[in-house]
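Per-entry structural report
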Amino acid sequence: MDNDRKLDIVFSKKVNAGKRRTYFFDVRRTKGDDFYLTLTESTKRFNGEGFERHKIFLYKEDFNRFINSIDEVDSYIKTQLMPDYDYEEFDRRHQ
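Residues numbered from 1 in each chain as written. Predicted model: local features only at pLDDT ≥ 70, side-chain atom pairs only at ≥ 80, totals over all residues. Heavy atoms only, no water.

**Observations regarding the overall build of the protein chain**
For the record, the criterion: Helix numbers and strand numbers start at the N terminus; a helix is a DSSP run of H or I with at least 4 residues, a strand a run of E with at least 2. Burial classes follow relative accessibility: with a 1.4 Å probe on protein chains only, a residue under 20% of its type's maximum area counts as buried, one over 50% as exposed, and anything between as partly exposed. The contact definition used throughout considers only heavy atoms, calling two residues in contact when any of these lie within 4.5 Å. Per-residue and other accessible areas were derived by the Shrake-Rupley procedure at a 1.4 Å probe size, with only the shown protein chains allowed to occlude residues.
Broken down by element type, the protein chain carries 3 helices and 4 strands. Secondary structure elements of the protein chain, listed N to C terminal, follow the sequence α-β-β-β-β-α-α. Per-residue burial for the protein chain yields a buried fraction of 14% across its 95 residues. Considering only contacts within the protein chain whose residues lie at least 6 apart along the sequence, 12% involve residues at least 24 apart. Approximately 8,100 Å² of the protein chain is accessible, and the part contributed by carbon and sulfur atoms is 53%.

Encoded structure:
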């Protein structure tokens, strides 16, 4: 079953976020040839035994509202809560 689930991934993007956290953005195909997005946070366990994973399933009818909400929250944090923070610092570190 696990191998079957990997076959329905048509596009994947991996984002390393520090030493313990990784995000996966996977576009998946349904049996009816529709598509949806899974967002997975994978975190190394402190005891070193495997990973803890959390998933969000995002369907096409929610894409615009989801992205608009992410943009709104991002803008609020960057302009209202932490306007002086250097948000590009981590991008430079990963280059």
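**Looking at the layout of surface pockets**
The criterion, for reference: We place a 1 Å grid over just the protein atoms. Points where a 1.4 Å probe fits but has no way out form a cavity, open points with protein on both sides within 12 Å along at least 5 of 7 lines form a pocket, and any residue with an atom within 4 Å of a point lines it. Grid points are joined across faces, edges and corners, and a volume is the space filled by probe spheres set on the points. Gly counts as polar in this scheme, as do all residues outside two lists: the nonpolar Ala, Val, Leu, Ile, Met, Phe, Trp, Tyr, Cys and Pro, and the charged Asp, Glu, Lys and Arg.
Quantified by volume, the largest pocket comes out at close to 910 Å³. In this structure, the largest pocket is lined by 27 residues; those nearest its centre are Val 15, Tyr 23, Phe 25, Ile 70 and Asp 74. Considering each element in turn, the lining of the largest pocket owes the most residues, 7 residues, to helix α2 (residues 63-81). When the residues that make up the lining of the largest pocket are grouped by side-chain class, the tally is 19 nonpolar, 4 polar and 4 charged. Among the elements of the structure, β2 (21-29), β3 (35-44) and β4 (51-59) are those that each provide at least two residues to the lining of the second largest pocket. Ranked by residues supplied to the lining of the second largest pocket, first place goes to β2 with 5 residues. Of the residues belonging to the lining of the second largest pocket, the class tally is 2 nonpolar, 4 polar and 8 charged.

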